[in-house]
Amino acid sequence: RLWTTAANWSGNAVPTSADKAAIRNASVLGPIIDSSTTAVAAQVVVGDWSSASDTLDITGGSLTVSSWFVLGYSSGNNGTLTMSGGTINAASTLTVGNSGRGTIAITGGTITVASTFGIALLAGSIGDVFLDGGTISCGSLSMTSSGGLDITSGTLIVNGDATAAINGYISSGWITAYGGSGTLNVSYNTPNPA
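Computed from a predicted structure; not experimentally measured.

Description of the nonpolar core
So, step 1. The biggest cluster of nonpolar side chains holds 39 residues, and the ones touching the most others in it are Leu63 and Phe117.
So, step 2. The residues contacting Leu63, other than those within four sequence positions of it, are Trp3, Ile33, Ala39, Val40, Val44, Leu56, Ile58, Phe69, Thr87, Ile88 and Asn89.

Some points on the side chain of Asn77
So, step 1. With respect to the element layout, Asn77 can be found in the loop between strand 7 (69–71) and strand 8 (78–83).
So, step 2. A distance of 2.7 Å separates the side chain of Asn77 from the backbone oxygen of Trp49, its partner in a polar contact.
So, step 3. Separated by 2.8 Å, the side chain of Asn77 and the backbone nitrogen of Ser74 make a polar contact.

A word on the pattern of salt bridges
So, step 1. Within the structure shown, the criterion is met by 4 salt bridges.
So, step 2. In this structure, Asp57 engages Arg1 in a salt bridge whose closest nitrogen and oxygen atoms are separated by 2.6 Å. Taken together, the residues span a long stretch of sequence, with Asp57 in strand 5 (residues 54–58) and Arg1 in the segment before strand 1 (20–23) at a distance of 56 residues.
So, step 3. Its relative accessible area of 18% is what places Asp57 among the buried residues.
So, step 4. One continuous salt-bridge network, built from bridges that share partners, spans Lys20, Arg24 and Asp48.

So, the pairing of strand 5
So, step 1. Of all the 5 residues making up strand 5, 5 are buried; the element is thus mostly covered by neighbouring parts of the structure.
So, step 2. Here strand 5 shows no split at all, with Asp54, Leu56 and Ile58 on one side and Thr55 and Asp57 on the other all buried.
So, step 3. Across 2 bridges, strand 2 (residues 32–33) lies against strand 5 in parallel orientation. Within strand 5, the position partnered with Ile32 by the bridge is Asp57.
So, step 4. Taken together, the 5 bridges between strand 5 and strand 8 define a ladder with parallel strand orientation. Among the inter-strand pairings, Asp57 is bridged to a residue of strand 8, identified as Thr82.

Focus: the packing of aromatic side chains
So, step 1. Under the criterion given, the structure shown has 3 aromatic pairs.
So, step 2. Ring centres of Trp68 and Tyr73 lie 6.2 Å apart, and the angle between their planes is 40 degrees; this geometry places the pair in the tilted category.
So, step 3. Judged by relative accessible area, which is 33%, Tyr73 ranks as partly exposed.
So, step 4. Ring geometry for Tyr169 versus Trp174: centroids 5.5 Å apart, planes at 25 degrees, classification stacked.
So, step 5. Judged by relative accessible area, which is 13%, Tyr169 ranks as buried.
So, step 6. Among the residues examined, Trp174 registers a relative accessible area of 22% and is labelled partly exposed.
So, step 7. Positioned above the aromatic ring of Trp49 is the side chain of Arg24, whose terminal nitrogen or guanidinium carbon lies 3.7 Å from the ring centre.

Side note on the pairing of strand 12 (residues 110–119)
So, step 1. Relative to strand 12, strand 9 (residues 87–90) runs parallel, the two being bridged by 4 bridges. Note on strand 12: the bridge partner recorded for Asn89 is Thr112.
So, step 2. When strand 10 (residues 94–96) meets strand 12, the two strands line up parallel, connected through 3 bridges. Bridged to Val96 within strand 12 is Ile119.

Each value, and the rule that gives it
Residues numbered from 1 in each chain as written. Predicted model: local features only at pLDDT ≥ 70, side-chain atom pairs only at ≥ 80, totals over all residues. Heavy atoms only, no water. Core = buried A, V, L, I, M, F, W, Y, C linked by side-chain atoms within 4.5 Å. Buried < 20%, exposed > 50% of the residue type's maximum accessible area, 1.4 Å probe, protein only. Contact = heavy atoms within 4.5 Å. Helix = DSSP H or I, 4+ residues; strand = E, 2+ residues; numbered from the N terminus. Polar contact = N/O pair within 3.5 Å; in protein donor to acceptor, adjacent residues only side chain to side chain. Salt bridge = Lys/Arg side-chain N within 4 Å of Asp/Glu carboxyl O. Pairing = 2+ DSSP bridges. Phe/Tyr/Trp six-rings, centres within 6.5 Å; stacked < 30°, edge-to-face > 60°. Lys NZ or Arg CZ within 6 Å of the ring centre and 35° of its normal.

Dropping the structure here:
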């Protein structure tokens, strides 16, 4: 399942920085990025075409995406990212549920999105993010009522003063802590808020 195993990819070639890495129609679990891996791609899609369920696991190492990153591209697609370590650097956007269903479960590591971190942005999409450790940092955060972000540990960092938008998402029940039984701390320009 390693990302770096050429035989796991069509054409027997590991994606380069010029390629779209598409994880779709998997009959088994999708690729793993481990501590020995430095993965790159122009775009990444997990869950595409007629695929009902696809996965990407990151336990260490790094994934650098020079353009967009999508989990659950179209209606009926389901893409899941599970992350326990390592780093993701997305130079553009990361969308959790484009028109399909996307899920992120992060217990460690760092996700950095230069532009928009979107959760369930288009009609019919569903997006779920479970921040149980690690850090998600983004240029902006955009959600709809079909999206959810639950925080039990870890840190969400949004560039600039996004407190009004974040507090609006919280009051709407779109961002929760401990499945709705906890309290969220929101601050602007404060490193490591308690």
